[in-house]
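# Close look at the chain arrangement
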Amino acid sequence: MKILVDCRSIHPTKSRGIENFAYSVIESSAEFVEEIAIDVCKSDLEFYKDYFKEYQNISFISDPVQGFFVSLSDRSGHLRIALRIFGRIARLLGFNPFGRRSGWAKKQWANVVFYPYHRDDPQHKHLPMVTTVHAILPEYSEVDMNIISQQMKNAAAIVTSWPHPYHDLSERYPFAKDRLFLVPFTAVQNVNVSKEYDIKQLGVHGDYYFYPAVITPRKNHINLIKACGCLKKKGVEPPLIVCSGGGDQVLAKELTKAANSLGVGEKFMFLGYVSTEAMTALYQNCKASVSASFWEAGIAAIQEGGLCGKPVICSDTKPAREHAKLFNMDVCFFDPHSPEDTAEKIIEFENNIDQYQESSIEASSFIRLIDEKYMGKCYSDVFRYVAGIASKPQWAPFLKPKNQGHCFHTGEVSTTKNRSTDEGL
């Protein structure tokens with residue numbers, strides 16, 4: 001079986017969510033399928049070749065026309081200006097030299113095409129399609145929703161990684177429920193890198209909470225800063241909060257300014273993008289993992305923090321509660337809209353931190369069951385089903401990871417064998 005993975009829009013940066021997800025699906029599936037071809041932009045080709053160099057059954061394709069114009073556009077000076085003008089004229093005539101060419105895509109063959117990202121407009125429409133819809137975010141535009149709707153209508157199978165998006169998609173698109181699968185995303189690879197990385201080279205010293213999140217308003221760094229300001233007014237020493245992730249640099253400067261104005265500037269570190277090794281070390285050495293986001297489908301602080309056995313403090317959202325329930329983890333929740341409540345919950349968290357850490361340590365062994373072999377088996381089962389090579393997986397829509405007779409449910413750990421596969425979803 002040959003799988004075509006469309007990574008044309010996934011440009012490698014450093015440690016980011018969509019890239020990490022796509023790479024994990026490819027690596028985990030490579031053990032279970034005969035051949036994988038990755039469709040990438042020519043400018044990213046060398047990175048992908050190097051990243052997957054150990055996999056003999058992974059090859060790469062790239063649209064030569066798009067690659068030619070994109071490589072020229074990376075140059076500076078008069079050529080770049082001329083290309084911009086040329087591009088505008090060409091688009092008016094119905095041809096985008098820098099964009100995808102559906103005609104080229106239609107010439108590619110595979111048993112199944114996989115789209116790791118739900119905001120990509122499918123190009124390989126002649127192939128049976130599997131797509132992963134991670135979540136429908138509140139800020140999505142009509143254009144975004146139209147693309148998602150088309151994916152939901154046209155995909156032979158839709159996969160999502162977390163309980164809340166599974167419920168949400170089932171309700172929004174009831175016609176697609178029979179094609180919907182829940183395959184949790186493994187995060188084991190994000191915390192298993194060498195422990196030799198010294199976080200002091202990042203300027204991080206002492207105890208700290210770790211918040212891995214790109215700088216955007218939705219991640220709600222501002223109310224976390226205000227909460228620390230509330231703690232300072234109460235005479236309570238705020239924790240040091242180390243934040244990784246790039247994003248809006250203007251907003252980052254505003255956040256630093258706000259922290260300084262509240263007298264807690266020394267309590268926040270914005271590191272920007274960091275390497276996977278640095279990310280791992282930051283998780284392994286933190287006192288606690290934190291997420292203040294207004295909305296996330298999957299919560300890195302819960303899954304990756306839990307993997308490291310770290311106590312977790314998190315914004316109280318429905319997806320976060322369902323994520324914690326999936327792992328039977330005790331998390332300290334706070335109202336992300338209220339700096340005052342966040343401050344009170346930080347005090348409560350500190351007073352009961354051993355209890356939260358014990359729960360994370362207990363959950364860690366179960367979270368580790370969602371590894372690359374689990375993820376690869378689930379995705380390859382779905383791929384073979386869509387390709388017509390195998391029947392629909394008996395475990396659909398959710399395969400409970402097993403270990404010594406125990407199995408996961410979305411909310412409990414049980415030794416009972418005879419249960420509906422849909423229970424708890």
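Predicted model only: the values in this text are computed from it and were never measured.

### So, the packing of helix 11 (residues 300-307) against helix 14 (residues 353-367)
Remark: helix 11 packs on helix 14, axes separated minimally by 7 Å, with the N-to-C direction vectors making an angle of 90°. As the angle between them shows, helix 11 and helix 14 are arranged roughly perpendicular. For the pair formed by helix 11 and helix 14, the contact residues are Ile 302, Gln 303, Gly 306 and Leu 307 on the first element and Ser 360, Ser 364 and Ile 367 on the second. Its residues assigned to classes, the contact of helix 11 with helix 14 shows 3 nonpolar, 4 polar and no charged.

### Brief notes about the packing of aromatic side chains
Between two aromatic rings, the relevant description is the distance of the centres plus the angle of the planes. As enumerated under the stated definition, the model contains 21 aromatic pairs in all. Plain terms: the ring middles of Tyr 23 and Tyr 48 are 5.9 Å apart, the flat faces sit at 85° to each other, and that makes the pair edge-to-face. With Tyr 23 in helix 1 (residues 17-30) and Tyr 48 in helix 2 (residues 45-51), this residue pair connects regions lying 25 residues apart in the sequence. A residue is classified by how much of its surface remains accessible, and Tyr 23, at 4% relative accessible area, is buried. On the basis of an interplanar angle of 85° and a centroid distance of 4.9 Å, the ring pair of Phe 210 and Tyr 283 is categorised as edge-to-face. Placement of Phe 210 in strand 8 (residues 209-212) and of Tyr 283 in helix 10 (residues 276-285) is noted, with a sequence separation of 73 residues between them. With a relative accessible area of 0%, Phe 210 lands in the buried category. In this structure an aromatic cluster arises from ring pairing among Tyr 23, Phe 47, Tyr 48, Tyr 51, Phe 52 and Tyr 55.

### Description of the sheet that holds strand 11 (residues 288-291)
Ordered in space as 10-9-8-11-12-13, the 6 strands form an open sheet in which the pairing is parallel. Unpaired on one side and paired on the other, strand 10 (268-270) and strand 13 (332-334) mark the two borders of the sheet. For this sheet, the mean angle separating the axes of adjacent strands, direction not counted, is 20°. Inspection of the sheet shows strand 8 paired to strand 11 by 2 bridges, in the parallel sense. By the bridge assignment for strand 11, Phe 210 is matched with Ser 289. Along the sheet, helix 8 (residues 221-233) contacts strand 8, strand 9 (241-244), strand 10 and strand 11; its crossing angle with strand 10, the most-contacted strand, is approximately 155°.

### Here we look at the sheet that holds strand 6 (residues 157-160)
Taken in spatial order, the 7 strands of this open sheet run 3-2-1-4-5-6-7, and their pairing is parallel. In this open sheet, the two strands that pair with only one neighbour each are strand 3 (58-61) and strand 7 (180-182). Each strand axis lies, on average, 25° off the axis of its neighbour in the sheet, ignoring direction. Sheet topology places strand 5 (residues 129-132) next to strand 6; 3 bridges connect them, and they run parallel. Of the residues in strand 6, the one forming a bridge with Thr 131 is Ile 158. Helix-sheet contacts for helix 1 involve strand 1 (2-6), strand 2 (35-39), strand 3, strand 4 (112-115) and strand 5, and the interaxial angle to strand 2 is about 160°.

### Structural notes on the environment of Ala 176
For Ala 176, the location among the structural elements is in the loop between helix 7 (163-172) and strand 7. Under the relative-accessibility criterion, Ala 176 is labelled buried at 1%. Residues Ala 176 and Ala 155 lie 21 residues apart in sequence; the distance between their C-alpha atoms is 9.0 Å. Beyond its immediate sequence surroundings of up to four residues, Ala 176 is in contact with Met 152 and Ile 158.

### Side note on the pattern of salt bridges
Pairing between side chains of opposite charge can happen when their charged atoms approach one another. Taken as a whole and assessed by the stated rule, the structure comprises 14 salt bridges. Arg 119 serves as the salt-bridge partner of Asp 144, at 3.3 Å between the closest nitrogen and oxygen. Note that Asp 144 is positioned in helix 6 (residues 142-154) and Arg 119 in the loop between strand 4 and strand 5, a separation of 25 residues in sequence. Overlapping salt bridges bring together Glu 139, Arg 218, Lys 219 and Glu 296 as one network.

### Regarding the side chain of Glu 322
Tracing the chain through its elements places Glu 322 in helix 12 (residues 318-326). Of the side chains with opposite charge, Lys 318 comes closest to the buried, unpaired Glu 322, at an N-O distance of 4.4 Å. A distance of 3.2 Å separates the side chain of Glu 322 from the side chain of His 167, its partner in a polar contact. Setting aside its immediate chain neighbours within four residues, Glu 322 contacts Pro 163, His 164 and His 167.

### What about the packing of helix 8 against helix 9 (residues 249-261)?
Viewed as axis vectors pointing N to C, helix 8 and helix 9 meet at an angle of 10°, and their least axial separation amounts to 9 Å. Regarding the angle of helix 8 to helix 9, the classification is roughly parallel. Residues His 221, Ile 222 and Ile 225 of helix 8 form the contact with helix 9, whose own contacting residues are Leu 255, Ala 258 and Ala 259. Looking at the contact of helix 8 with helix 9, its residues break down into 5 nonpolar, 1 polar and no charged.

### Details of helix 6
With 13 residues, helix 6 should cover 18 Å at 1.5 Å per step; its first-to-last C-alpha distance of 18 Å lies within 8% of that length. Taken residue by residue, helix 6 has Asp 144, Ile 147, Ile 148, Ser 149, Gln 151 and Met 152 as its buried positions. Packing partners of the buried residues in helix 6 comprise strand 5, strand 6 and helix 7.

### Re the confidence of the model for the protein
Considering every residue of the protein, the mean pLDDT works out to 85; 83% of them sit at 70 or more. Counting contacts from residues 404-424, a segment whose pLDDT is below 50, to residues more than four positions away or on other chains yields 53 contacts.

Basis of the calculations
- Residues numbered from 1 in each chain as written.
- Predicted model: local features only at pLDDT ≥ 70, side-chain atom pairs only at ≥ 80, totals over all residues.
- Heavy atoms only, no water.
- Axes fitted to C-alpha atoms, helices over the stretch in contact; angles between N-to-C directions.
- Helix = DSSP H or I, 4+ residues; strand = E, 2+ residues; numbered from the N terminus.
- Parallel < 35°, antiparallel > 145°, perpendicular 65-115°, else oblique.
- Contact = heavy atoms within 4.5 Å.
- Nonpolar A, V, L, I, M, F, W, Y, C, P; charged D, E, K, R; others polar.
- Phe/Tyr/Trp six-rings, centres within 6.5 Å; stacked < 30°, edge-to-face > 60°.
- Buried < 20%, exposed > 50% of the residue type's maximum accessible area, 1.4 Å probe, protein only.
- Pairing = 2+ DSSP bridges.
- Salt bridge = Lys/Arg side-chain N within 4 Å of Asp/Glu carboxyl O.
- Lys, Arg positive; Asp, Glu negative; His and termini not counted.
- Polar contact = N/O pair within 3.5 Å; in protein donor to acceptor, adjacent residues only side chain to side chain.
- Expected span 1.5 Å × (residues − 1).
- pLDDT = per-residue confidence, 0-100.

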